[in-house]
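A closer look at the structure
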Amino acid sequence: MQDLDFEILPKDDLMFKAIYGTSGSENILKSFISSVLKIKIKSIEYISKEIINRPNKGKHNCLDVLVVLDNGEKINVEMQSEVNSKFDNRMLAYWSELYVNSFKAGEKYENLKKVYAIWIIDDNFFKEKIDFEENYHTKWKITEQKTGISKGYFENLEMHVLELPKMRKYVTIKEKEGEELTLLEKWLIFIDYTNKELVDMAVRTEKELREAMAKYHELLKDEYMIRVYQHERRMKADAYTREQ
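The sections below set out a description of the structure shown in this document.

Definitions and limits used
- Residues numbered from 1 in each chain as written.
- Predicted model: local features only at pLDDT ≥ 70, side-chain atom pairs only at ≥ 80, totals over all residues.
- Heavy atoms only, no water.
- Salt bridge = Lys/Arg side-chain N within 4 Å of Asp/Glu carboxyl O.
- Helix = DSSP H or I, 4+ residues; strand = E, 2+ residues; numbered from the N terminus.
- Buried < 20%, exposed > 50% of the residue type's maximum accessible area, 1.4 Å probe, protein only.
- Core = buried A, V, L, I, M, F, W, Y, C linked by side-chain atoms within 4.5 Å.
- Pairing = 2+ DSSP bridges.
- Axes fitted to C-alpha atoms, helices over the stretch in contact; angles between N-to-C directions.
- Contact = heavy atoms within 4.5 Å.
- Parallel < 35°, antiparallel > 145°, perpendicular 65-115°, else oblique.
- Left-handed = near helix turned anticlockwise from the far one by under 90°.
- Nonpolar A, V, L, I, M, F, W, Y, C, P; charged D, E, K, R; others polar.

What follows deals with the pattern of salt bridges. As a working rule, side chains carrying opposite charge can pair if their charged atoms are close by. If you walk through the whole model with that rule in mind, you get 13 salt bridges. A salt bridge links E158 to K114, with the nearest nitrogen and oxygen atoms 2.7 Å apart. Taken together, the residues E158 in strand 8 (residues 157–163) and K114 in the loop between helix 3 (87–101) and strand 6 (115–121) connect sequence positions 44 residues apart. Each of the two residues, E158 as well as K114, counts as buried. Between D122 and R168 there is a salt bridge, with its nearest N and O atoms 2.5 Å apart. One end of the pair, D122, is in the loop between strand 6 and strand 7 (137–140); the other, R168, is in helix 4 (residues 164–176), and 46 residues separate them in sequence. You can call D122 partly exposed: its relative accessible area is 22%. Under the relative-accessibility criterion, R168 is labelled partly exposed at 27%. Each of K11, D122, R168 and D192 takes part in a single network of salt bridges with overlapping partners.

This next bit is on the nonpolar core. Ranked by internal contacts, the top residues of the largest apolar core, which has 51 residues, are Y20, F32, I33, V77, I120, L188 and F190. One finds M91, Y94, L112 and A117 within the second-largest nonpolar core, a separate group that totals 19 residues.

The next point concerns the sheet that holds strand 7. If you trace the 6 strands from one edge of the open sheet to the other, you get 1-4-5-6-8-7, paired in mixed fashion. The open sheet has two free edges, formed respectively by strand 1 (44–46) and strand 7, since each of these has just one partner strand. With direction set aside, neighbouring strand axes in the sheet form an average angle of 20°. Bridge count between strand 5 (residues 74–80) and strand 6: 7 bridges; the pairing is parallel. Bridge pairing links I75 to Y116 in strand 6. Along the sheet, helix 4 contacts strand 5, strand 6 and strand 8; its crossing angle with strand 8, the most-contacted strand, is approximately 60°.

For helix 5 (residues 183–192), the buried fraction is high: 9 of the 10 residues fall into the buried class. Considered for burial, the residues of helix 5 that qualify are L184, E185, K186, W187, L188, I189, F190, I191 and D192. Phi turns positive one or two residues past the end of helix 5, at Y193, with a value near 60°.

Below, the discussion takes up the packing of helix 5 against helix 6 (residues 196–205). Two numbers describe how helix 5 lies on helix 6: the axes approach to 9 Å, and their chain directions differ by 130°. The angle between the axes of helix 5 and helix 6 places the two elements in the oblique class. Helix 6 is crossed by helix 5, and the crossing has left-handed handedness. Touching K186, I189 and F190 of helix 5 are L198, V199, M201, A202 and T205, all from helix 6. The residue inventory of the contact of helix 5 with helix 6, partitioned by class, reads 6 nonpolar, 1 polar and 1 charged.

Okay, here's the thing in structure tokens:
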């Protein structure tokens with residue numbers, strides 16, 4: 001393996017897609033998704049990650065990870081390093097495109113299947129009342145404002161947002177207090193890869209995390225992966241130089 005002057009982490013764009021979004025990673029992804037959604041998953045199948053929006057402008061978006069469950073429901077997993085104040089518009093756009101694209105001409109509306117969106121963000125997005133460490137994982141659904149009713153209505157939309165900075169603080173507090181970490185927290189510790197001691201602990205205790213670590217180490221030796229990252233770094237450096 002080449003000696004690099006930079007570190008490629010599991011949360012980096014191409015590495016994340018390679019670990020979770022390629023054939024052979026089904027068990028890894030099933031474990032992670034189950035830890036987020038708290039549902040049992042029999043099987044998953046990777047499907048095309050390209051969605052097309054604004055057809056009159058020919059705009060294409062390629063998702064990080066997209067799978068369909070055995071019951072026809074879809075799950076999209078996205079890793080994002082930075083966000084702006086209107087990032088929730090992008091979340092909704094991705095979800096809505098997936099939902100609409102699931103609908104075929106002549107099909108009945110009642111046959112539309114649920115679409116889950118899972119966003120992992122290496123940034124603090126939500127402020128105010130949910131700007132606390134324990135709220136690193138938020139779950140979003142449509143709720144009637146006066147009564148709080150949500151069950152039984154608009155249930156095909158479910159979005160989960162995982163904020164890594166809040167998670168870092170929360171697991172540090174839990175560790176100091178001797179509390180056991182959840183499977184989701186162990187997954188996020190691995191994805192974040194900032195606390196190597198906690199990463200080692202998480203990998204030792206979970207089989208699928210050991211599989212993910214083995215795949216990560218294997219990908220670090222991949223010459224194509226390294227060349228792509230080196231090219232991206234040169235492009236960013238050139239762009240920065242032009243701006244000066």
